[in-house]
Amino acid sequence: MKDKIRKVIQKTYSSGLHTEVHELTSKVINLLGLSDEWANYVDIEVRNIMNKEPFNKTPIEERVLFLPHCLRDAESCEGEYGEKGLICHKCGRCDIMDIVEYAKNLGYKGVYIVPGGSIVYNIMSQNKPRGIIGVACYEELNQAMKKAREEGIPSQGILLTKAGCINTKVEKAEIARKLKK
Ligand code: SF4
């Protein structure tokens, strides 16, 4: 279903008839007869597709990745907190280790494991990335993508597949797909 949704968003956006996020989101939900549970996903993917061109043109070395610290293994994470969030000590008990390594190998300027939006906004203003990928729950992603837009930074968002405050989950293949673009 996610592939189908992305294709319909792309096609509808390419028609040039819908240029506002909420308008395109409603159009796609109606076209596909989607239930409310898809609304947040469609909303984020609409913004991803609208940002796709400038984001893809941003060199990887100028992009940063933000991961939420709730992805860590809450019971036995060996990481430590610093000024810019959690420093992963690569114990391998959660997906963070693999994702950080993958992004760094691709050449990302920075990967930050953050406990909340305020650190994201500080890093945005201090490090001045030219492209951002963020993984988060809908509420955090919505705010961060709005902020990035205000700052003129193209962003891509990825929703957690299991949200909550601890031991959250994300689709690693989806992150890899977006990181490589
Ligand atoms: S891999 Fe890193 S972030 Fe994940 S639990 Fe281990 S030290 Fe913590």
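Rules and cut-offs
Residues numbered from 1 in each chain as written. Predicted model: local features only at pLDDT ≥ 70, side-chain atom pairs only at ≥ 80, totals over all residues. Axes fitted to C-alpha atoms, helices over the stretch in contact; angles between N-to-C directions. Helix = DSSP H or I, 4+ residues; strand = E, 2+ residues; numbered from the N terminus. Parallel < 35°, antiparallel > 145°, perpendicular 65-115°, else oblique. Left-handed = near helix turned anticlockwise from the far one by under 90°. Contact = placed C-beta atoms within 7 Å. Nonpolar A, V, L, I, M, F, W, Y, C, P; charged D, E, K, R; others polar. Buried ≥ 20, exposed ≤ 12 C-beta atoms within 10 Å, placed from the backbone. Arc of directions from axis to C-beta. Domains from an automatic or database assignment.

A.B. asks: What am I meant to see in the packing of helix H2 (residues 21-32) against helix H3 (residues 39-57) here?
C.D. replies: Between two packed helices, what matters for the description is the angle formed by their axes and the separation of those axes. Running from N to C, H2 and H3 cross one another at 125°; their axes reach a closest spacing of 9 Å. Our classification of the angle between H2 and H3 gives oblique. Note on packing geometry: the crossing formed by H2 with H3 is right-handed. Contacts between H2 and H3 pair Val21, Leu24, Thr25, Val28 and Ile29 from the former with Ala39, Val42, Asp43, Val46 and Arg47 from the latter. Grouping the constituent residues of the contact of H2 with H3 by class yields 7 nonpolar, 1 polar and 2 charged.

A.B. asks: I'm lost on helix H5 (residues 117-127) in this one. Help?
C.D. replies: Taken as a whole, H5 has its buried residues at Val120, Ile123 and Met124. Along the axis of H5, the buried positions cluster into a sector of 105°, meaning they face one direction only. Opposite its buried face, H5 presents the exposed residues Ser118, Ser125 and Gln126, each directed more than 90 degrees away. Along its buried surface, H5 packs onto strand E1 (63-68), strand E4 (110-114) and helix H6 (138-150).

A.B. asks: For this particular structure, what's the right way to read the domain arrangement of the protein?
C.D. replies: When the parts of a complex come together, some accessible area is lost, and that lost area is often taken as the interface size. Taken domain by domain, the protein comprises domain 1 (1-52) and domain 2 (58-180). Here the C-alpha centroids of domain 1 and domain 2 sit 23 Å apart. Looking at the side of domain 1 that touches domain 2 residue by residue, the classes come out as 2 nonpolar, 3 polar and 1 charged.

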